[in-house]
Amino acid sequence: MTLLETLPADTGSPKALPIASIMLAVGGLLLLGWVTWSALWPGSLPYRYQLIKEGPVTEFPDLGLADQSALSIRKYEILADGHDQPLASLHVGRNKQLDGVLLDWQNQLTEPLFTLTASLPELSALTEAITTHLPKDSLLLGWWDTTRRLKLLTDIETPFDENLAQPVLLPTAWSDHREAIETAEQRFWQVPDQSTSAAAFRRFQEALLADEATAIEIFREMAGEGKAVYLVLHLSDAYKLGALHPERFGIGYRDFPNTGNLHTTIGNIKNWLREQGYKTYTAENHGANIVRIYFLTNAASEDTFIARALPFTKLQPLDLETARVVYQNLGYWLYKIPPADKGSGP
């Protein structure tokens with residue numbers, strides 16, 4: 001589905017572009033506490049959220065979260081005039097500690113819409129691994145939306161357990177609505193002017209953009225003296241980092257049909273990359289029918305920690321000097337970073 005059917009034709013864009021050419025807005029990612037936006041900002045937004053269902057987690061068996069008995073769930077759809085089908089659907093979870101936590105996001109557009117995030121099955125598998133294998137007093141660093149989800153489901157310690165609302169990715173066709181969307185998101189989601197974890201999250205981003213030695217130093221600084229820290233990254237985090245720092249980390253993504261023949265699919269991907277002049281990429285299955293590739297758009301981006309910690313470069317994550325892989329499944333990579341004075345043992 002594309003938004004070009006109802007918005008100006010000259011605002012269209014290819015399915016995947018380098019971050020620098022994608023319109024962004026910093027707003028809220030939390031999902032609606034009211035039924036729609038239309039009553040609050042009539043006529044100013046090109047979309048609205050519609051509450052579809054609300055109830056205890058037992059009323060949403062398809063989510064596979066039956067063991068999370070303390071959760072209540074809200075399901076929303078994002079609607080737009082001129083479209084019979086939702087632009088996206090999503091589920092939001094809450095418990096006594098946290099509210100408005102994005103659990104899954106099903107985007108039906110051919111461009112990013114507000115966010116990119118891991119699937120719920122990926123998250124559930126990661127949740128089980130963390131609950132089973134990480135010490136209960138572990139400190140976990142990661143992209144704020146991932147750590148919020150894990151805080152909701154596991155109560156693990158993390159400095160990023162609030163909605164930081166960044167970035168929000170807008171389809172190119174909505175670029176003229178950026179200011180209205182940004183204002184509406186901030187007001188509706190009641191994003192605070194002063195966040196208790198925003199400064200720490202900026203420091204975390206600096207680590208991801210740095211070389212490995214500098215990144216490890218920052219992670220240890222955030223953990224505190226003598227304490228091990230765990231780091232979780234998803235392939236989509238690299239794209240979101242590029243959205244916030246397009247001048248420092250060049251990245252794009254593109255979806256390819258899964259032909260069912262591995263050699264044919266890989267051949268199609270490599271041919272497209274060669275035609276576009278891109279050499280460094282990584283891939284993930286995005287559902288049964290799509291293979292999504294994330295590609296770096298310049299050589300300098302290959303020298304960042306995140307490009308090393310995710311399988312973008314010839315130096316694979318297992319080749320990192322200090323951070324040790326303790327879990328990997330689909331798009332998620334989980335690392336243990338030992339304290340500086342205790343080596344790299346278990």
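Residues numbered from 1 in each chain as written. Predicted model: local features only at pLDDT ≥ 70, side-chain atom pairs only at ≥ 80, totals over all residues. Heavy atoms only, no water.

Some points on the packing of aromatic side chains
- If you walk through the whole model with that rule in mind, you get 19 aromatic pairs.
- Taken together, a centroid distance of 5.3 Å and an interplanar angle of 80° make the contact between F160 and F201 edge-to-face. Note that F160 is positioned in the loop between helix 2 (144-154) and strand 7 (168-169) and F201 in helix 4 (residues 198-209), a separation of 41 residues in sequence.
- Of the residues examined, F160 reaches a relative accessible area of 0% and is grouped as buried.
- Given a relative accessible area of 0%, F201 falls into the buried group.
- An aromatic cluster is present here, built from W143, F160, F201, F204, F219 and F305 joined pairwise through their rings.
- Stacked on the ring of F60, the Lys or Arg K53 has its end atom at 4.8 Å from the ring centre.
- Note that R254 overlies the ring of F256, its terminal NZ or CZ placed 5.5 Å from the centroid. (Phe/Tyr/Trp six-rings, centres within 6.5 Å; stacked < 30°, edge-to-face > 60°. Helix = DSSP H or I, 4+ residues; strand = E, 2+ residues; numbered from the N terminus. Buried < 20%, exposed > 50% of the residue type's maximum accessible area, 1.4 Å probe, protein only. Lys NZ or Arg CZ within 6 Å of the ring centre and 35° of its normal.)

Overview of the confidence of the model for the chain
- Looking at the chain, pLDDT values average 85 and 85% of them are 70 or higher.
- Below pLDDT 50 for its whole length, residues 19-42 participates in 89 contacts with residues either more than four positions away or in separate chains.
- Low pLDDT (under 50) marks residues 342-346, which in the prediction has 8 contacts with non-local residues, meaning those over four places away or in another chain. (pLDDT = per-residue confidence, 0-100. Contact = heavy atoms within 4.5 Å.)

Topic: helix 1 (residues 120-133)
- In this model helix 1 runs 20 Å from its N-terminal to its C-terminal C-alpha over 14 residues, within 8% of the 20 Å that 1.5 Å per residue would give.
- Within the span of helix 1, buried status applies to L120, E122, L123, L126, T127, A129 and I130. (Expected span 1.5 Å × (residues − 1).)

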